[in-house]
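Each chain, written out:
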Amino acid sequence: MSPKSELIWFDGALVPWEKAQVHVMTHTLHYGVGVFEGIRAYKRAGGGSAVFRLAEHVHRLFDSAKIVEIKIPYTEAQVTEAILQTLKANKMAEGYIRPIAFIGTGQSMGVFPGKNPIHTAICVWPWGAYLGDEALEKGIRIRTSSFTRHHVNVMMTKAKVCGNYVNSVLAKNEALADGYDEGLLLDTEGYVSEGSGENIFMVVDGVIKTPPLTSILSGITRDCVITLARDLGYEVRESRFTRDELYTADEAFFTGTAAEITPIRELDRRVIGQGKAGPVAKAIQKEFFKVVKGENTKYASWLSGYEL
């Protein structure tokens, strides 16, 4: 679905979608130093809507900005309120939210941005299952990418930086061109890292494993899944594993704001488990959607409600 809504919050004001424009000499367009987030809002079963883990996403946006030395000209509270304002202004009961902070046009056009202004924008649009509705049930086919996940001291891997995603675009393009749904990146030592925009989990003998926070982005959905899985009685281990371990896993699945909980049915032409969503992935997926829709009040603190 093409992204589109009526209004975008741009530097403190709501402007029509078509008029939220930047100059071709925008510094971030040339050098990639900008930060962003991906957030989802869901309709609640009891009425109204809620943004999932809003505070955590906004805080990560500001952490990312700090890492790459961008000074966002608003507070976390102001950006949080602006996100809710943008959803309400667009009468959007559920959808995807993209806040972004980037370096604009100014006196500097070299690598050093100098005192160029920092802009902040918030876009919202309807967005269903990132990898397709069918993928949530049947799972997806993935391939090990020829591109490697950034080394922790080459790119700042704990920041959600625009330029970091060149790597992801290359991996995604490669996977799709070869007939797969997604790519799997290994780290610089050859261990499984993550997808082009997702964290990964596997299940072996009832134990859930996921790569540790060494070279991966600390996913907020990943954190939720670890909590939910443990509360459901599963053992979760954060440990390194290789792709051949993944070949022989009983189950595997991706997690992320866009991907939600998407099972993996095949890696590099090897069928994973039964070649479809497994019982562990289904159990966590079911619980996750109960949480985001407000049906499980145990995790009510993860939801920021709003009314249209």
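Going by the annotation in an unreviewed UniProt entry, the name recorded for the chain is Branched-chain-amino-acid aminotransferase, with Fundidesulfovibrio magnetotacticus given as the source organism. Per UniProt, the comment on the chain under Function (unreviewed entry) is "Acts on leucine, isoleucine and valine." The Cofactor (unreviewed entry) field of the UniProt record for the chain holds the comment "pyridoxal 5'-phosphate".

A. Layout of the packing of aromatic side chains. For the structure shown, the criterion picks out 11 aromatic pairs. Geometrically, the ring pair formed by Tyr-96 and Trp-127 is edge-to-face, given 4.5 Å between the ring centres and 85° between the ring planes. With Tyr-96 in strand S6 (residues 95-103) and Trp-127 in the loop between strand S7 (118-125) and helix H4 (133-138), the pair connects residues that are 31 residues apart, well separated along the chain. Exposure remark for Tyr-96: the relative accessible area of 4% places this residue in the buried category. One aromatic cluster is present, formed by Phe-52, Phe-288, Phe-289, Tyr-299 and Trp-302 through successive ring pairs. The ring of Tyr-180 has Arg-141 sitting right over it, with the charged end atom 4.5 Å from the ring centre.

B. View of the side chain of Ser-64. Looking at the element boundaries, Ser-64 is found in helix H2 (residues 54-67). In contact with Ser-64, not counting residues within four places along its chain, are Val-35, Lys-158, Ala-159 and Lys-160.

Rules of the game
- Residues numbered from 1 in each chain as written.
- Predicted model: local features only at pLDDT ≥ 70, side-chain atom pairs only at ≥ 80, totals over all residues.
- Heavy atoms only, no water.
- UniProt positions renumbered as here; feature names shortened; annotations may be inferred.
- Phe/Tyr/Trp six-rings, centres within 6.5 Å; stacked < 30°, edge-to-face > 60°.
- Helix = DSSP H or I, 4+ residues; strand = E, 2+ residues; numbered from the N terminus.
- Buried < 20%, exposed > 50% of the residue type's maximum accessible area, 1.4 Å probe, protein only.
- Lys NZ or Arg CZ within 6 Å of the ring centre and 35° of its normal.
- Contact = heavy atoms within 4.5 Å.

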